[in-house]
Amino acid sequence: MATNTSKYYGENGVHRVPLWRIAGFTLNNTATNIYLFFMNFVSYYLMGFVGVTMVVASSFAMVMRIWDGVTDPFIGFAVDKTNGKFGKNRPFMVIGNIILCIMSYIMFHVTHKLPENTALRFGFFIVCGAIYYIGYTFQCVCTKSAQTCLTNDPKQRPMFAAFDGAYNTLLFAGMGMLTPVLAVKTGGYNTVEFFDKLWLICAIVSAIFTAIAVISIAPKDRTEFFGTGKPTLIRIRDYWDTLKGNRAIQMLVISASTDKLGASAKTSAVTVAMFACIAGSTLLQTGITGITTIPGAVITFLFITYFARKLGQKEAMLLGSIGGLICNGLLALLWLFGDPTTMTSNPETGAINWGFFTIAYVLLTLLQGGFQGISGNIVIPMTADCADYEVYRTGKYVPGLMGTLFSFVDKIVSSFAPMIAGVIFAAVGFTDHNPVMGDVVTRPLVVGVVFLAYGMIMIGLLCNLIALKFYPLTKEKMAEIQAEVAAIKAKAMAEDAEAAE
């Protein structure tokens, strides 16, 4: 083996990587999640500048996610066939981020300058959105496909999930604190200035994170770290064989997609409805999020690091799902039967009042974040286990398929979340705008918001428990798989060495 790569290998073909490279590469997922957060506000733009109704605006997200899912297998196949001087994953990471940047700019800076015709503007937005989501898939697929070449050490692999959980907690909490302030300063969530400033922040941060991720994966994005240690001929029919025979990826897809549907139902509009409308203060969300952000990130990191490395990824996901069910159930009861208006002593400033409701909400939210951080983030390194299982099972290395199959079902299922939110809001009387501060709070609105915020994710976590009963990759099974894959790789390297002589 070449000297410049041998330092990453240990005994039995296990290859590792410096921890900072795992931390750095994880930012590739954060880079796409920034745009995911940005697109949470698309309904405000479509209703305010394009002129569509709540249900149509919510349906846009569903249609685009379905389109995104449909393109996944083709892009996954392209990744599996790619192996150039710039590696297998890095070209897709860079090109994807460039497409995201350009198309999101056009969508939110050009559409409202077109003639005032709803059909024209909406059609233009849809075409741009279709291209935007191709870029999103380009970059997203690498988050999963590169897991196998990053490391196959069972102690290291869960660290991606630990960093990812912490980053996502900080990202969504930080942006959740920023956007209400930005909305107040720019005149609301449906102003041109709001989208201008939010886009600029998201585009710059995402580009920086992508650059760090590309640098971090560079020495491992090479043939010797892929599957069997040498290029593999991949044909379309191999995909069908994998779909039929790989029980691990089948169960993981069911588990993760239902989780994603539940998590996606808690859109930014739902969060705004919780704090601005039901609790009665737009700025309250900023204060509460500021309190829970750092502890939440630390708890998520510690939960994943400890439980995933100690129990193995399957058992850690099981524990996270049970803990998440309990915490979400208690939070739902708190919002249904407690008084959220006691969270603030001054609705105009969002000053926090430390009563029973606030204390209970903060503590349960921190625990919920820790448990859901396990079940929500561990699925990404688990796809690498599924890819290794396919090498063990058939000798085929198809990380692109694993990543995009996972994403395809995930996106198709989760695409219904914004529409579900829109339909529920419309059913409780909000047909032309999302609930905001000053709107009348009715019992149906509270029940609908609680279902979107906590009930949907509980359904997803229940599906986890069922799917994990049939998921074959235990900690012990993965040890057997890694030993066999190492033997396959050693044989390939020996053949290369013999051929070179």
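This structure is a prediction, so every number in the text was calculated from the model and none was measured. The numbers attached to residues start from 1 for each chain and follow its sequence in the written order. Only residues with pLDDT of at least 70 are given local features in this predicted model, and only at 80 or more are side-chain atom pairs given and counted; all residues enter the totals for whole chains, interfaces and linings. Think of the side-chain values as coming from all heavy atoms in the structure, minus any hydrogens and water.

### A look at the overall build of the chain
Counting from the N terminus, the helices are the DSSP runs of H or I reaching at least four residues and the strands are the DSSP runs of E reaching at least two. Along its length, the chain carries 20 helices and 2 strands. We compute the radius of gyration over the C-alpha atoms and compare it with the globule rule, which gives 2.2 Å times the number of residues raised to the power 0.38. Its C-alpha radius of gyration of 23 Å places the chain within 12% of the 23 Å reference for a compact globule of 501 residues. Each principal axis of the C-alpha distribution contributes one length, and for the chain these read about 80 × 50 × 35 Å. Accessible area is worked out with a 1.4 Å probe on protein chains only. A residue is then buried under 20% of its type maximum, exposed over 50%, and partly exposed in between. Buried positions account for 57% of the 501 residues belonging to the chain. Contacts spanning at least 24 positions in sequence make up 84% of the contacts within the chain whose residues lie at least 6 apart. A contact between two residues is defined here by any heavy atoms of the two lying within 4.5 Å.

### Points about a nonpolar patch on the surface
Taken together, the side chains of I322, I326, L330, L333 and F337 present a nonpolar region at the surface, about 510 Å² in accessible area. Structurally, F337 can be placed in helix 14 (residues 313–337). A patch is a set of surface residues, each over 30% in relative accessible area and not in a salt bridge, joined within 9 Å for like charges and within 5 Å for the nonpolar side chains Val, Leu, Ile, Met, Phe, Trp and Tyr. Exposure was quantified through the Shrake-Rupley algorithm and a 1.4 Å probe, taking into account, for residues, occlusion by the shown protein chains and nothing else. Here, a salt bridge means any Lys or Arg side-chain nitrogen found within 4 Å of an Asp or Glu carboxyl oxygen.

### Quick word on the packing of aromatic side chains
Aromatic ring pairs are defined here through the distance separating the ring centres and the angle between the ring planes. Between the rings of Phe, Tyr and Trp (Trp by its six-membered ring), a pair exists once the centres lie within 6.5 Å; its type follows the angle of the planes, with under 30 degrees stacked, over 60 edge-to-face, and the other angles tilted. Evaluation of the coordinates by the stated rule reveals 33 aromatic pairs. Judged by centre distance (6.0 Å) and plane angle (55°), the ring pair of F37 and F172 falls under tilted. Placement of F37 in helix 2 (residues 19–38) and of F172 in helix 8 (residues 157–186) is noted, with a sequence separation of 135 residues between them. Given a relative accessible area of 5%, F37 falls into the buried group. Criterion for a charge above a ring: Lys NZ or Arg CZ within 6 Å of the ring centre, and within 35 degrees of the ring normal. Taking the ring centre of F86 as reference, the NZ or CZ of R90 above it sits at 4.9 Å. The lysine or arginine in question, R443, covers the ring of F337, its NZ or CZ lying 6.0 Å from the ring centre.

### Observations concerning the pattern of salt bridges
Using the criterion set out here, one finds 7 salt bridges in the structure. Notably, a salt bridge pairs R157 with D385, separated by 2.8 Å at the nearest N-O pair. Of this pair, R157 sits in helix 8 while D385 is found in helix 16 (residues 379–394), placing the two residues 228 residues apart along the sequence. When its relative accessible area of 2% is taken as the criterion, R157 is described as buried. Two residues, E480 and K477, come together in a salt bridge whose shortest N-O distance is 3.4 Å. Pair noted here: E480 and K477 are both in helix 20 (residues 475–500), with a separation of 3 residues, about one helical turn. You can call K477 partly exposed: its relative accessible area is 23%. One network of salt bridges, in which partners are shared, links R157, D385 and D388.

### So, the side chain of N168
As for its placement among the helices and strands, N168 is situated in helix 8. Contacts described as polar in this section are N or O atom pairs within 3.5 Å, which, within protein, must combine one atom able to donate a hydrogen with one able to accept it, while residues neighboring in sequence count only if both atoms come from side chains. A polar contact is formed between the side chain of N168 and the side chain of N33, at a distance of 2.9 Å. Excluding residues that lie within four positions of it along the chain, N168 makes contacts with N29, N33, A173 and N377.

### Digging into the confidence of the model for the chain
pLDDT runs from 0 to 100 and stands for how confident the predictor is about each residue. For the chain, the average pLDDT comes to 84, and 91% of its residues sit at 70 or higher. Residue range residues 1–6 is modelled with pLDDT below 50. Its contacts to residues more than four positions away, or to other chains, number 7 contacts.

### Describing helix 13 (residues 284–311)
Compared with an ideal rise of 1.5 Å per residue, which puts 28 residues at 40 Å, helix 13 spans 38 Å between its outermost C-alpha atoms and is within 8% of the ideal. Given a residue, its bend is the angle between the two axes fitted to the seven residues that end at it and to the seven that start from it. Of all the bends in helix 13, the greatest, near 35°, is centred on T293, and the proline P295 appears no more than four residues after it. Positive phi shows up at G312, right after helix 13, with a value of about 95°. Here, expected helix span is obtained from the residue count minus one, scaled by 1.5 Å.

### What about the side chain of T258?
Within the secondary structure, T258 is located in helix 11 (residues 247–265). There is a polar contact of 2.9 Å between the side chain of T258 and the backbone oxygen of I254. Separated by 2.9 Å, the side chain of T258 and the backbone oxygen of S255 make a polar contact. Setting aside chain neighbours within four positions, we find T258 in contact with G460, C463 and N464.

### As for a positive patch on the surface
Taken together, the side chains of K155, R309, K310 and K475 present a region of like positive charge at the surface. Locating K155 in the fold gives a position in the loop between helix 7 (147–150) and helix 8. Looking at K155, the relative accessible area reads 40%, which means it is partly exposed. The sign given to each residue is positive for Lys and Arg and negative for Asp and Glu; His and the chain ends receive no count. By convention, the charge on Lys lies at NZ, on Arg at CZ, on Asp at CG and on Glu at CD.

### Some details on the state of the cysteines
Cysteine sulfur atoms are paired as a disulfide whenever they come within 2.5 Å of each other. Applying the stated criterion across every chain yields a total of 0 disulfides. Distance from the sulfur of C202, which forms no disulfide, to the nearest cysteine sulfur (C101) is 11 Å.

### A closer look at helix 4 (residues 54–81)
Here helix 4 is 28 residues long and its end C-alpha atoms lie 42 Å apart, about the 40 Å a rise of 1.5 Å per residue gives. Along helix 4, the largest kink reaches about 35° and is centred on D72; proline P73 follows within four residues of it.

### Looking at the packing of helix 13 against helix 14
Two numbers describe how helix 13 lies on helix 14: the axes approach to 6 Å, and their chain directions differ by 135°. With respect to helix 14, the axis of helix 13 lies oblique. Helix-helix and strand crossings are classified by hand; for helix 13 and helix 14 the assignment is right-handed. Of helix 14, the residues touching helix 13 (which contributes F307, A308 and L311) are Q313, E315, A316 and L319. To obtain each axis, a line is fitted to C-alpha atoms, and for helices this fit is confined to the stretch in contact; angles are then taken between N-to-C directions over 0 to 180 degrees. Orientation labels follow simple angle bins: below 35 degrees gives roughly parallel, above 145 gives roughly antiparallel, 65 to 115 gives roughly perpendicular, and whatever is left gives oblique. Throughout, a crossing is termed right-handed when the near helix is turned clockwise from the far one, and left-handed when it is turned anticlockwise from it by less than a right angle.

### Digging into the environment of D72
Inspection of the secondary structure puts D72 in helix 4. Sequence-wise, D72 and V409 are 337 residues apart; in three dimensions their C-alpha atoms are separated by 9.6 Å.

### What about the environment of Y35?
Tracing the backbone through its elements, the reader meets Y35 in helix 2. Classification of Y35 as buried rests on a relative accessible area of 0%. When the C-alpha positions of Y35 and S206 are compared, they lie 7.7 Å apart, and in sequence the two are 171 residues distant. If near-sequence neighbours (up to four positions away) are discounted, Y35 is found in contact with N97, L100, C101, S104, Y132, A203 and S206.

### Side note on the packing of helix 15 (residues 356–377) against helix 19 (residues 443–468)
Two numbers describe how helix 15 lies on helix 19: the axes approach to 13 Å, and their chain directions differ by 35°. Crossing angle aside, the handedness with which helix 15 passes helix 19 is left-handed. Note on element contacts: helix 19 touches helix 15 through Y454, I457, L461 and N464, opposite Y361, Q368, Q372 and S375.

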